[in-house]
Amino acid sequence: MSKLIGFLLLVVGIIHLLPLAGVLGGERLNALYGLNFDEPNLHILMRHRAVLFGLLGALLVAAAFLPGLRSIALIGGLGSVLSFLLLAWSEPAYNEALRRVVIADWIALACLLAALILHLRIGTATA
């Protein structure tokens, strides 16, 4: 069961690492989100967002191999995914590039919920 949790967290970690490419600059951000990020302030904010996703993705990948990190990684991952899906639901007129992000986050949510259930099951079995 621990290996399955690790695999699920690895999938979610990879999903969260994909936006890290936005750190490379405006062209990559434009490709990721289908929007123009040429305004310098927005460019800085979006690149910083990419860094934050990279940090969360790194935590999720680390938690795939280090069970002691799993609780905090699950909390961080669920907070990220649920907040984005809620925001996307509140503004349904998003573009096709963001639709792909929404789909990826639904996949991440399914993986996180399955990992959480298994993680809690392991925790109660050892208690």
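Residues numbered from 1 in each chain as written. Predicted model: local features only at pLDDT ≥ 70, side-chain atom pairs only at ≥ 80, totals over all residues. Heavy atoms only, no water.

**So, the overall build of the protein chain**
For the protein chain, the count of helices and strands is 5 helices and 0 strands. Considering only C-alpha atoms, the protein chain reaches an extent of 55 × 30 × 20 Å along its principal axes. Per-residue burial over the protein chain gives 36% buried out of 127 residues. Counting only contacts in the protein chain whose residues sit at least 6 apart along the sequence, the fraction spanning at least 24 positions is 69%. For the protein chain, the exposed surface amounts to about 7500 Å²; the carbon and sulfur share of it is 74%. Of note, the protein chain has its 8 positive side-chain charges centred 17 Å away from the centre of its 6 negative side-chain charges. (Helix = DSSP H or I, 4+ residues; strand = E, 2+ residues; numbered from the N terminus. Buried < 20%, exposed > 50% of the residue type's maximum accessible area, 1.4 Å probe, protein only. Contact = heavy atoms within 4.5 Å. Areas by Shrake-Rupley, 256 points an atom, 1.4 Å probe, with all protein chains shown as cover. Lys, Arg positive; Asp, Glu negative; His and termini not counted. Charge placed at Lys NZ, Arg CZ, Asp CG, Glu CD.)

**So, the packing of helix H1 (residues 2-17) against helix H3 (residues 40-65)**
As a packed pair, H1 and H3 sit with axes 8 Å apart at the nearest point and diverge in direction by 165°. The angle between H1 and H3 places the two elements in the roughly antiparallel class. Two packed elements cross with a definite hand, and for H1 against H3 that hand is left-handed. Contacts from Gly-6, Leu-9, Leu-10, Val-12, Gly-13, Ile-14, His-16 and Leu-17 of H1 reach H3 at Phe-53, Gly-54, Leu-56, Gly-57, Ala-58, Leu-60, Val-61, Ala-63, Ala-64 and Phe-65. For the contact of H1 with H3, the per-class residue count stands at 13 nonpolar, 5 polar and no charged. (Axes fitted to C-alpha atoms, helices over the stretch in contact; angles between N-to-C directions. Parallel < 35°, antiparallel > 145°, perpendicular 65-115°, else oblique. Left-handed = near helix turned anticlockwise from the far one by under 90°. Nonpolar A, V, L, I, M, F, W, Y, C, P; charged D, E, K, R; others polar.)

**Observations concerning the nonpolar core**
Among the nonpolar cores identified, the biggest contains 23 residues, and Leu-9, Val-12, Leu-60, Val-81, Leu-112 and Ala-115 are the most heavily contacted of them. Looking at this core, the elements with two or more residues in it are H1, H3, helix H4 (70-90) and helix H5 (96-126). With sequence-adjacent residues up to four places away left out, Leu-60 is seen in contact with Leu-9, Val-12, Gly-13, His-16, Ala-73 and Leu-112. Core analysis: the next-biggest nonpolar cluster, separate from the first, contains 5 residues, Leu-29, Leu-32, Phe-37 and Met-46 among them. (Core = buried A, V, L, I, M, F, W, Y, C linked by side-chain atoms within 4.5 Å.)

**Comments concerning the UniProt feature "transmembrane region" (unreviewed entry) in the protein chain**
Under the UniProt annotation, "transmembrane region" (unreviewed entry) lies at residues 49-66, 71-89 and 101-120. Spanning residues 49-66, this segment combines 94% helix with 0% strand, and its end C-alpha atoms are found 25 Å apart. Its end C-alpha atoms 28 Å apart, residues 101-120 is made of 100% helix and 0% strand. (UniProt positions renumbered as here; feature names shortened; annotations may be inferred.)

**Brief notes about the pattern of salt bridges**
Overall, the coordinates contain 1 salt bridge when judged by the stated rule. Between Arg-99 and Glu-96 there is a salt bridge, and its shortest N-O distance comes to 3.6 Å. Separated by 3 residues within a single helix, Arg-99 and Glu-96 lie in helix H5, roughly one turn from each other. (Salt bridge = Lys/Arg side-chain N within 4 Å of Asp/Glu carboxyl O.)

**With respect to the packing of aromatic side chains**
Taken as a whole and judged by the stated rule, the model has 1 aromatic pair. Aromatic pair Tyr-33 and Phe-37: ring centres 6.1 Å apart, planes at 85°, arrangement edge-to-face. A single burial state applies to Tyr-33 and to Phe-37, both of which are buried. (Phe/Tyr/Trp six-rings, centres within 6.5 Å; stacked < 30°, edge-to-face > 60°.)

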